[in-house]
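Spelled out from the first residue to the last, the chains are:
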Amino acid sequence: MMHEASLPPDPLHCSAAIAVRSLQEHEHARWDAFVDTCPEATFFHRAGWQTIMQQGFQHDSHFLYAEQDGRIAGVLPLAHLRSRLFGSSLVSLPFCVYGGIAGGGAAVRQALDSAALALARRLGVGHLEYRWREVEQNPDASWLHKPLYATFRRPLHPDAEQNLLAIPRKQRAVVRKAMAGGLHSAIDHDVERFYPIYAASVHRLGTPVFARRHFSLLRTVFGSDCDILTVYHGQQAQASVLLFYFRDEVLPYYGGGTPLARSTGANDFMYWETMRRASARGCRLFDFGRSKLGTGAYDFKKNWGFAPQPLPYACRLVRAKTLPEVNPLNPKYALFIRAWRRLPLPLANLLGPHIVRQLG
């Protein structure tokens, strides 16, 4: 599929018209070469997410790029969510904390935005959503903003002791106690220890879990840029987290702990070990990921000394009259959450992937 739109040239780039095209599989390396050097791009702009959307979730992907003078000048990864429960939407990018347009000047961004809106109308979705990490410089009045999430990002020091001292005193004491208690970490090469811990953790929260194959596919698609770190006491695994690496950043993305992890400090030790190992690897920024405002996870990250940065997610209504409120804080989902917690874990693990793929 290909979409082209010729626009008046940006005054700063008068040499050529702009063509908006759809990413093809053989162009993944070219797309990623642009993403790797684009300041606004994130790990979630990588071409591998097209494979995750299509093979992992069976969602149609529409990864758009703007071409100018034969070079990629901007990208916009999109996927089409179709749900009987929650309606239809075109999102950049489902199951990801960041998205939206990366790169380009005003004309390039306008071309990508126009192509996305035209696609949203053609697909007949309820709304179009961009998961911006930074506030857009020129927000259009037709976009609606939902102040639901914040992200937490902080520089890493090359010296491990400096990173430990940067953790507030009370939280640092928990980490030191965990160290003294004999906890240690290791990098796993499969999901066999990670998945049971993660699945049980999200079940206790009343949240449907992803399929085991989702995590295996992430490892396959992103290779050495996707690790699993597991915390042990002796031979007993107590916490585990799947990490992403992007340029000089580390993102602990999916994590969980056993019921013992709270008393032993394994969850805290897990994030400290992520910092320590990432710093030794050459990472200089720790991205603690997003959390919903007013939740325990939000407070936990603040207690680590991270300042919340509100995420300016933006939506444009297409066929819908109002934005859906698909999040666990919506009171109408409270009964579902309580009921899900009571399901036997094997049944929740069986049903969860069929539900979570509709949430995005």
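Residues numbered from 1 in each chain as written. Predicted model: local features only at pLDDT ≥ 70, side-chain atom pairs only at ≥ 80, totals over all residues. Heavy atoms only, no water.

S.K.: Whenever I open this one, the overall build of the protein chain confuses me. Can you help?
M.R.: Assigned secondary structure in the protein chain consists of twelve helices and 16 strands. Computed over its C-alpha atoms, the radius of gyration of the protein chain comes to 21 Å, within 12% of the 21 Å expected for a compact globule of 360 residues. Counting the 360 residues in the protein chain, one finds 54% classified as buried. Considering only contacts in the protein chain between residues 6 or more positions apart, those separated by 24 or more positions represent 71%. As displayed, the protein chain has an accessible area near 16,600 Å², and 55% of this comes from carbon and sulfur atoms. Placing the 42 positive and 29 negative side-chain charges of the protein chain at their respective mean positions leaves the two points 10 Å apart. (Helix = DSSP H or I, 4+ residues; strand = E, 2+ residues; numbered from the N terminus. Rg over C-alpha atoms; globule rule 2.2 N^0.38 Å. Buried < 20%, exposed > 50% of the residue type's maximum accessible area, 1.4 Å probe, protein only. Contact = heavy atoms within 4.5 Å. Areas by Shrake-Rupley, 256 points an atom, 1.4 Å probe, with all protein chains shown as cover. Lys, Arg positive; Asp, Glu negative; His and termini not counted. Charge placed at Lys NZ, Arg CZ, Asp CG, Glu CD.)

S.K.: What is the right way to look at the packing of helix α6 (residues 194-205) against helix α12 (residues 345-356) in this model?
M.R.: The packing of two helices is summarised by the inter-axis angle and the distance between the axes. Two elements in contact, α6 and α12, have axes whose closest approach is 10 Å; the angle formed by their N-to-C orientations is 95°. Considered as vectors, α6 and α12 are oriented roughly perpendicular to each other. Of the residues in α12, those touching α6 at Ala199, Ala200 and His203 are Leu345, Ala348 and Asn349. Taken together, the residues of the contact of α6 with α12 sort by class into four nonpolar, two polar and no charged. (Axes fitted to C-alpha atoms, helices over the stretch in contact; angles between N-to-C directions. Parallel < 35°, antiparallel > 145°, perpendicular 65-115°, else oblique. Nonpolar A, V, L, I, M, F, W, Y, C, P; charged D, E, K, R; others polar.)

S.K.: How do you make sense of the packing of aromatic side chains when you look at a structure like this?
M.R.: If you walk through the whole model with that rule in mind, you get 39 aromatic pairs. Centre to centre, the rings of Phe286 and Phe306 are 5.7 Å apart; their planes meet at 55°, and the pair counts as tilted. One end of the pair, Phe286, is in strand β14 (residues 285-292); the other, Phe306, is in the loop between α10 (296-303) and β15 (308-310), and 20 residues separate them in sequence. Residue Phe286 shares its accessibility class with Phe306, and that shared class is buried. Note on Phe288 and Phe306: the rings are 5.0 Å apart at their centroids and 65° apart in plane angle, and the pair reads as edge-to-face. Residue Phe288 is found in strand β14, and its partner Phe306 is found in the loop between α10 and β15; the two are separated by 18 residues along the sequence. (Phe/Tyr/Trp six-rings, centres within 6.5 Å; stacked < 30°, edge-to-face > 60°.)

S.K.: What is the right way to read the pairing of strand β5 (residues 79-83) from this model?
M.R.: Two faces belong to every sheet, and in a regular strand the side chains alternate between them. Of all five residues in β5, four are buried; the element is thus mostly enclosed. When strand β2 (residues 60-61) meets β5, the two strands line up antiparallel, connected through two bridges. Counted as the bridge partner of Asp60 is His80 from β5. Judged from the five bridges that link them, β5 and strand β6 (residues 87-92) form a sheet pairing that is antiparallel. In the sheet register, His80 faces β6, and the bridge partner there is Leu90. (Pairing = 2+ DSSP bridges.)

S.K.: Is there a simple way to think about the sheet that holds β5 in this case?
M.R.: Backbone hydrogen bonds hold the strands of a sheet together, and the pairing may be parallel or antiparallel. Read from one edge to the other, the open sheet built from six strands follows the order β2-β5-β6-β7-β16-β8, with strand pairing classed as mixed. With partners counted over all chains shown, the strands left at the sheet margins are β2 and β8 (144-145), one partner each. Sheet contacts for helix α3 (residues 106-123): β5, β6, β7 (127-130) and β16 (314-317); angle to β7, the most-contacted strand, approximately 145°.

S.K.: Looking at this structure, I do not really get a nonpolar patch on the surface. What am I missing?
M.R.: A cluster of nonpolar side chains, contributed by Leu347, Leu350 and Leu351, occupies part of the molecular surface with about 250 Å² of accessible area. Note on placement: Leu347 falls in helix α12. (Patch = residues over 30% accessible without salt bridge, like charges linked within 9 Å, V, L, I, M, F, W, Y side chains within 5 Å. Salt bridge = Lys/Arg side-chain N within 4 Å of Asp/Glu carboxyl O.)

S.K.: What exactly am I supposed to notice about the side chain of Arg172 here?
M.R.: Within the fold, Arg172 resides in helix α5 (residues 169-180). Buried within the structure, Arg172 lacks any salt-bridge partner; Glu161 is the closest side chain of opposite charge, at an N-O distance of 6.7 Å. A distance of 2.6 Å separates the side chain of Arg172 from the backbone oxygen of Ile167, its partner in a polar contact. When near neighbours in sequence (up to four residues on either side) are disregarded, Arg172 contacts Leu164, Leu165 and Ile167. (Polar contact = N/O pair within 3.5 Å; in protein donor to acceptor, adjacent residues only side chain to side chain.)

S.K.: Would you mind showing me how to read the sheet that holds strand β10 (residues 183-188) here?
M.R.: The seven strands lie next to each other as β10-β11-β12-β13-β14-β9-β15, forming an open sheet whose pairing is mixed. Either end of the sheet is taken by a strand with one partner, and the two such strands are β10 and β15. Within this sheet the neighbouring strands show an average axis-to-axis angle of 30°, counted without direction. Inspection of the sheet shows strand β9 (residues 149-155) paired to β15 by three bridges, in the antiparallel sense. Counted as the bridge partner of Phe152 is Pro308 from β15. Strand contacts of α6: β11 (226-233), β12 (236-246) and β13 (249-257), with the helix running at about 70° to β13, the strand carrying the most contacts.

S.K.: Any chance you could explain the environment of Glu129 here in plain terms?
M.R.: The residue Glu129 is located in strand β7 in this model. Look at Glu129 and you get buried, because its relative accessible area is 7%. With 35 residues separating them along the chain, Glu129 and Pro94 place their C-alpha atoms 9.3 Å apart. Excluding anything up to four places from it in sequence, Glu129 contacts Leu90, Val91, Ser92, Tyr313, Ala314 and Cys315. Polar contacts involving the side chain of Glu129 include one to the side chain of Arg131, which spans 3.2 Å.

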